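Residue strings, one per chain:
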Amino acid sequence: MPTTTPSSATDLFTHALQHDNRANPYPYFARMRQQPVTRMDDGTWLVSGHHEITQLLRDPRISADRLNSNTQKGAPKSLLVLDPPRHDQLRRLVTQEFIPRITGMRDHIHDLVTHLLDAHTSQQPGQLDVVTDLAYPLPVTVICELLGVPRQDEPVFGSLARRLTRGLDPIGTQTAEELHELQQARIELIQYLEGLIEKRRTNPGDDLLSGLMFSQNPAGQMGPIDLRITLGLLLIAGHETTVNLIANGTLALLRNPDALTRLRTDPDLATPLVEEVLRYDPPVQMSGRSALADIDIAGTTIPKGARIRLMLAAGNRDAHRFPDPDRFIPDRPDNAHLGFGGGLHYCIGATLARTEAQIALTALARRLASPRLVTDPPPYRENAVLRGPEHLLVSFDRLTPDPRTA
Ligand code: HEM
């Protein structure tokens, strides 16, 4: 915390988002929760209480169009920022192609994790960068296979995705150069995705993109613009978030050696443990909405038309909902965290992300002998909304073989 402690909602929000505080924004979130619904100087409403966030996520008087962008009416939008009925139609099309493809992927994900870790068996003792060696390549490979995006194109779409995700951060936190890059990245991603769709048109496969393009059900087909936007959303959401779940989970395990020891011998712990990572250190820290009507909440009124910031990461540490909220409790019961949002826009990829993180964290716990953090805290990415380490160096004495193949 700085010597002059911030007090207004605007100050607290600004400090919480400063890169210097990226490793631990939670003390600022705690101060925000003293007023769970409050107005910032620019007119945006900051919501940080668990109860209030949950209530707003389910309120039909709230729009997902966070910019309340009347000026952009008619511009194509992804389902993330659309409201019913259009949102629900598009979401149905995506889920009916997405969900069947991810069931039964556990073994394949396990094989990918084994393969990624096996690349390091020759160094004993050794060192891993959990971000670049596991947490990033795993979800990228999985989402590419699912969508039908060539894995070898990663250098192209990976760099575009990194630049684009900075666009999710609040306006004003990016430099002029980053804003320029963002605009450029938008254009390049459109060109890349259109090229991909064109290729698939003449050469369909059994991937999700082909499924969306050639659905037999006429109601199941997507127009070309929706197709491109949805593909872009899934590609970016599919890896720019899960990387942080695996990295944040590794960090929590190495800072809580009891949890690490328990996970090593009790694979069933992986399920509640990943939920606790999603609560304690969520990869998506906040979301946005706007008010379609005056909304009375927490003794105040959010006026119609106002922009709203839902501070998911703050709600996740609300003592009114979670006992001892600043403690990482790997088998925490009744863990209704906000890590995947809630209501109509609840994350479509939740099951996939959970599976990848459960398998990756279990493998790290079981296979690395005496793992240690090389730098604590690790360096963090610039991004504030999709928050996570840039690198996560872990040294170890030995990397044991995968218990399945040993
Ligand atoms: C740890 C990983 C992930 C986290 C923490 C996460 C988090 C979230 C959150 C918080 C939302 C709600 C946003 C809002 O209400 O404004 C969301 C929505 C969404 N997520 Fe995820 N996500 C993850 C992984 C994935 C994956 C792997 C995919 C797909 C491949 C995915 C696809 C989506 C989509 C399409 C939506 C929009 C749903 C809608 O608007 O109806 N996510 N995610």
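In what follows, the accompanying structure is described. Every chain is numbered independently, its residues counted from 1 as its sequence is written. pLDDT decides what is reported in this predicted model: residues at 70 or higher carry local features, side-chain atom pairs at 80 or more are listed and counted, and totals for whole chains, interfaces and linings draw on all residues regardless. Computation of side-chain values covers all heavy atoms of the structure but excludes hydrogens and water.

A look at helix H7 (residues 137-147)
Here is the rule we go by: Residue exposure (1.4 Å probe, protein chains only): buried if accessible area is under 20% of the type maximum, exposed if over 50%, otherwise partly exposed. The secondary structure listing takes helices from DSSP runs of H or I that are at least 4 residues long and strands from runs of E that are at least 2 residues long, numbered from the N terminus.
Extensive coverage of H7 is indicated by the burial of ten of its eleven residues. What H7 keeps buried is the set Pro 137, Leu 138, Pro 139, Val 140, Thr 141, Val 142, Ile 143, Cys 144, Leu 146 and Leu 147. Phi turns positive one or two residues past the end of H7, at Gly 148, with a value near 90°.

Overview of the packing of aromatic side chains
Basically, it comes down to this: Classification of ring pairs uses Phe, Tyr and Trp, with its six-membered ring standing for Trp, and accepts pairs whose centres are within 6.5 Å; under 30 degrees between planes counts as stacked, over 60 as edge-to-face, and the remaining range as tilted. When the NZ atom of lysine or the CZ atom of arginine is within 6 Å of a ring's centre and also within 35 degrees of its normal, the charge is said to sit over that ring.
For the structure shown, the criterion picks out four aromatic pairs. Plain terms: the ring middles of Tyr 280 and Phe 328 are 5.4 Å apart, the flat faces sit at 70° to each other, and that makes the pair edge-to-face. A residue pair is termed long-range when its members are at least 10 positions apart, and Tyr 280 in helix H14 (residues 270-280) and Phe 328 in the loop between helix H15 (312-315) and helix H16 (350-367) qualify at 48 residues. Here Phe 328 falls in the buried class, since its relative accessible area comes to 7%. Plain terms: the ring middles of Phe 340 and Tyr 346 are 6.1 Å apart, the flat faces sit at 70° to each other, and that makes the pair edge-to-face. Taking relative accessible area as the criterion, Phe 340 reaches 10% and is therefore assigned buried. One Lys or Arg, Arg 317, reaches over the ring of Tyr 280 and ends 4.1 Å from the middle of that ring. One cation-aromatic arrangement involves Arg 321 over Phe 322; the distance from NZ or CZ to the ring centre is 5.3 Å.

Considerations on the nonpolar core
This is how it is decided: Side-chain atoms within 4.5 Å link the members of a nonpolar core, which is a set of buried Ala, Val, Leu, Ile, Met, Phe, Trp, Tyr and Cys residues. Note on contacts: a residue pair is in contact if any heavy atoms of the two residues lie within 4.5 Å.
Ranked by internal contacts, the top residues of the largest apolar core, which has 86 residues, are Val 113, Leu 138, Val 149 and Leu 273. Contacts of Leu 138, omitting those with residues within four sequence positions, involve Ile 109, Leu 112, Val 113, Leu 116, Ile 246, Glu 356 and Ala 360. With 18 residues, the next largest nonpolar core counts Leu 12, Tyr 28, Met 286 and Val 385 among its residues.

Side note on the site of the ligand
Which entries qualify depends on this criterion: What makes a residue near a molecule or strand is one non-hydrogen atom of that residue sitting within 4 Å of it. Under this definition, polar contacts are N or O atom pairs within 3.5 Å; protein pairs additionally need one hydrogen-donor-capable and one acceptor-capable atom, and for neighbouring residues in sequence, both atoms have to be side-chain atoms. Ten residue types, Ala, Val, Leu, Ile, Met, Phe, Trp, Tyr, Cys and Pro, are classed as nonpolar, four, Asp, Glu, Lys and Arg, as charged, and the remainder, Gly among them, as polar.
Near the ligand, the surroundings consist of 28 residues, among which His 87, Arg 91, Ser 287, His 345 and Cys 347 are the closest. Between the ligand and Leu 79, the relevant distance is 3.3 Å, taken from an oxygen atom to a main-chain nitrogen or oxygen of the residue. Within the residue set of the shell around the ligand, elements represented by two or more residues are helix H4 (86-102), helix H11 (224-240), helix H12 (242-255) and strand S5 (287-291). At four residues, the largest contribution of residues to the shell around the ligand is made by H11. Grouping the amino acids of the shell around the ligand by side-chain chemistry returns 16 nonpolar, nine polar and three charged.

A short note on the coordination of the iron atom of the ligand
Where we set the bar: Only N, O and S atoms count as donors, using a 2.8 Å cut-off from the metal and 3.2 Å for Na, K and Ca, and because water is excluded some sites may appear unfinished.
Only one protein atom coordinates the iron atom of the ligand: Cys 347 (SG), located 2.3 Å from the metal. Tracing the backbone through its elements, the reader meets Cys 347 in the loop between H15 and H16.

Section: the pattern of salt bridges
For clarity, the threshold we go by: Think of a salt bridge as a Lys or Arg side-chain nitrogen and an Asp or Glu carboxyl oxygen that are within 4 Å of each other.
Evaluated as defined, the whole model comprises 22 salt bridges. Arg 101 serves as the salt-bridge partner of Glu 97, at 2.7 Å between the closest nitrogen and oxygen. Taken as a pair, Glu 97 and Arg 101 lie in helix H4 at a separation of four residues, close to a single helical turn. Judged by relative accessible area, Glu 97 falls into the buried class, the value being 14%. On the accessibility criterion, Arg 101 (25% relative accessible area) is partly exposed. Put simply, Arg 262 and Asp 331 hold a salt bridge, and the shortest N to O gap is 3.0 Å. In this pair, Arg 262 sits in helix H13 (residues 257-265) while Asp 331 sits in the loop between H15 and H16, placing the two residues 69 residues apart along the sequence. Judged by relative accessible area, which is 35%, Arg 262 ranks as partly exposed. For Asp 331, a relative accessible area of 37% puts it in the partly exposed group. Through salt bridges with shared partners, one network takes in Arg 166, Asp 169 and Glu 178.

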